[in-house]
Amino acid sequence: MSKNNKKYFEKSGKANLTTGKIKIKENINIFKCPVCGDKMNLDVFKSIICLNKHCFDISKKGYINLLLKPSKYKYDKEMFEARNSICKMGFFDPLIESIVSLIYNNISINSSNNISYTRILDAGCGEGYHLSQVMKKLQKKEDVHFQGVGIDISKDGIQFAAKNYKDIIWCVADLAKIPFMDKKFDIVLNILSPSNYSEFNRIIHSEGILIKVVPNSGYLKELRDLLYQGTNRELYSNEKVIEHFNRNFEKIDTEKVSYNVSVSRDELSHLIKMTPLSWGASEGIIKKVLDNKIDSITVDFTIIIGKSKKQISLPKWES
Ligand SMILES: [Zn+2]
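This structure is a prediction, so every number in the text was calculated from the model and none was measured.

The rules behind each value
Residues numbered from 1 in each chain as written. Predicted model: local features only at pLDDT ≥ 70, side-chain atom pairs only at ≥ 80, totals over all residues. Heavy atoms only, no water. Donors = N, O, S within 2.8 Å, 3.2 Å for Na, K, Ca; no water. Tetrahedral: all angles 85-135°; square planar, octahedral: opposite > 155°, others 65-115°. Helix = DSSP H or I, 4+ residues; strand = E, 2+ residues; numbered from the N terminus. Buried < 20%, exposed > 50% of the residue type's maximum accessible area, 1.4 Å probe, protein only. 1 Å grid on protein atoms, 1.4 Å probe; cavity = no way out; pocket = protein on both sides within 12 Å on 5 of 7 lines; lining within 4 Å. Points joined across faces, edges and corners; volume = space filled by probe spheres on them. Nonpolar A, V, L, I, M, F, W, Y, C, P; charged D, E, K, R; others polar. Axes fitted to C-alpha atoms, helices over the stretch in contact; angles between N-to-C directions. Parallel < 35°, antiparallel > 145°, perpendicular 65-115°, else oblique. Left-handed = near helix turned anticlockwise from the far one by under 90°. Contact = heavy atoms within 4.5 Å.

J.: Help me understand the coordination of the zinc ion in this model?
T.: When a metal carries six donors in an octahedron, the ideal angles between them are 90 or 180 degrees, while four donors in a tetrahedron ideally lie at 109.5 degrees. Distances from the zinc ion to its protein donors, Cys 33 (SG), Cys 36 (SG), Cys 50 (SG) and His 54 (ND1), fall within 2.1 to 2.3 Å. Coordination at the zinc ion comes from 4 donor atoms whose angles at the metal span 101 to 115 degrees, giving a geometry best classed as tetrahedral. In the primary structure, the donors to the zinc ion are separated according to the pattern C-x2-C-x13-C-x3-H. Highlighted residues: Cys 33 in the loop between α2 (19–26) and β1 (40–43) and Cys 50 in strand β2 (residues 47–50), separated in sequence by 17 residues. For the residue pair Cys 33 and Cys 50, the accessibility class agrees, reading buried in each case.

Pasting the structure below:
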């Protein structure tokens, strides 16, 4: 390579690679073509392509959109920005701490001579804050290489994540058709998001775990009381969600995480914007909530840890 060529290569090639693109290269073997189910290869850091030439571009920010058609669900940018502000004020910090401890208590890590490699998928990662925090805390603790992968059906969410949180692989993808090969993940996180247990079962390896976070009846009860006063949505039960988990995965541990967070009027307004509780509520009701001078919000979750039920054989999505 001549000097000039070398300069050009450095300028246009590797020097411009985002960490997201490098991580995609390092983990290219996990990708599965969402059209035909074939394995995928990297095409000069611009796209990933399967043997049947189904091709998906890697964006400048380093994420890949693997949806076959745009999602009908609309979550707007404003909602993700509001959610991120709430995350950054520490609203979910005790939950994140508990998740990290549970990861250490429930997976086997080789701490001796072998550096183990542990892959974590956040299924329904939204704007990426939870996964980015889990990864940060895990990286600090041990001599283990953790690789985070986040998927969400919302392009706005993934764009936000890719812009703000590096070192993680971000993909726009459908939970019903997860674009990864079988048994490639040690841990799947599913935090306050819908589940697809047959897909989780397929992608978690035999010793891996699923960590699902569900709200308890106390979660945001101050908002629920005002927004849903007098309706049948005032009370929330997670019983059916937990029953559904138990039918599909073998529960090995649960933990309750409950605490209160002080909120200012501004923070309360972000909280109202980020929560599905307020979707559909009129301006008048939202103003009433803000004027109610709520200064503390209840956070109340159950974290459930499960392993695959090995005896169950599940249909593959591509067939
Ligand atoms: Zn294909």
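From this point, the narrative continues.
J.: Please clarify how empty space enclosed by the protein should be interpreted in this entry.
T.: Space left empty within the atom packing is revealed by a probe, the size of a water molecule, rolled over the atoms. According to the stated counting rule, one finds 1 cavity of 30 Å³ or more in the structure shown. Here the largest cavity is characterised by a volume of approximately 50 Å³. The wall of the largest cavity is formed by Thr 18, Thr 19, Gly 20, Lys 61, Gly 62, Ala 162, Tyr 165, Lys 166, Asp 167, Ile 168 and Trp 170. The residue makeup of the lining of the largest cavity, split by class, is 4 nonpolar, 4 polar and 3 charged.

J.: What should I look at first to understand the packing of helix α3 (residues 77–88) against helix α6 (residues 155–164) in this one?
T.: Interhelical geometry of α3 versus α6 gives an angle of 45 degrees and a closest axis separation of 9 Å. Taken as axis vectors, α3 and α6 run oblique relative to one another. In the packing of α3 onto α6, the handedness of the crossing is right-handed. Across from Lys 77, Phe 80, Glu 81 and Asn 84 in α3, the residues of α6 making contact are Asp 156, Gly 157 and Phe 160. Across the contact of α3 with α6, the residue classes break down as 2 nonpolar, 2 polar and 3 charged.

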